Amino acid sequence: MIIFDHPFIFSTTSPSLVSVTMALQQNGTASKMPKHNDETSSHHSAVNGNGEIKSNQTERFTFTPEPTLEDIRHMQAEFTDERNWNQFHQPRNLLLALVGEVGEVSELFQWRGEVAEGLPDWTEPEREHLAQELSDVLIYLVELAEKCHVDLPQAVLRKMALNRLKYPASKVHGSAKKYTEYKD
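Computed from a predicted model, the values in this text were never measured in an experiment. (Residues numbered from 1 in each chain as written. Predicted model: local features only at pLDDT ≥ 70, side-chain atom pairs only at ≥ 80, totals over all residues. Heavy atoms only, no water.)

Draft legend 1. Focus on helix H3 (residues 69–82). For H3, built from 14 residues, the straight-helix expectation of 20 Å at 1.5 Å per residue is met to within 8% by its first-to-last C-alpha distance of 20 Å. Three or more residues of H3 are buried, namely Ile72, Gln76, Ala77 and Thr80. Looking down the long axis of H3, one finds its buried residues gathered within 135° of arc, a one-sided arrangement. Tucked inside the fold, the buried residues of H3 contact helix H5 (124–147). The first or second residue beyond H3 is Asn84, which carries a positive phi of 55°. (Helix = DSSP H or I, 4+ residues; strand = E, 2+ residues; numbered from the N terminus. Expected span 1.5 Å × (residues − 1). Buried < 20%, exposed > 50% of the residue type's maximum accessible area, 1.4 Å probe, protein only. Arc of directions from axis to C-beta. Contact = heavy atoms within 4.5 Å.)

Draft legend 2. Up close: helix H4 (residues 91–109). Helix length check: H4, at 19 residues, gives a terminal C-alpha distance of 27 Å against a target of 27 Å (1.5 Å per residue), a fit within 8%. Of the surrounding elements, those touching the buried residues of H4 are H5. Immediately downstream of H4, the backbone of Trp111 shows phi near 70°, a positive value.

Quick look at the structure:
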């Protein structure tokens with residue numbers, strides 16, 4: 001069974017990732033993760049009260065393939081170097097800036113109640129403002145990861161593997177409980 005369609009998973013010598021991979025296979029929670037271009041829709045099935053299987057197929061939003069996280073890291077590093085700001089862009093300062101930017105994103109949602117996916121009730125200037133604030137969050141996150149020497153794409157792969165162990169779909173489907181609340 002393929003867990004990830006990514007070469008890192010199969011070429012790693014990391015014991016923790018290998019053990020996570022093996023545990024996923026034994027647990028039966030492993031599944032092939034789609035590539036960017038293959039993930040155009042999501043297919044969910046559920047059983048209704050009459051025992052009939054209901055199918056719900058929706059289009060999923062996808063990102064463009066470029067720029068990559070490495071491209072973003074490189075652009076930000078050049079931006080910072082050109083301004084001689086590395087003296088200020090140390091992990092603690094970057095973290096505080098990141099938290100501040102998350103606060104700015106929060107302000108855009110404050111007092112709106114629940115917001116539908118795709119933001120259908122938002123104006124184009126509101127959407128653009130959100131895009132700028134989310135970009136600030138991503139830029140600071142990527143730069144923080146760089147300064148802490150965390151290979152973010154690889155860390156995401158490891159974290160997703162761990163999340164699959166903590167939250168097996170067969171056990172948590174449709175529930176928002178924390179993994180410590182589930183009983184075997």
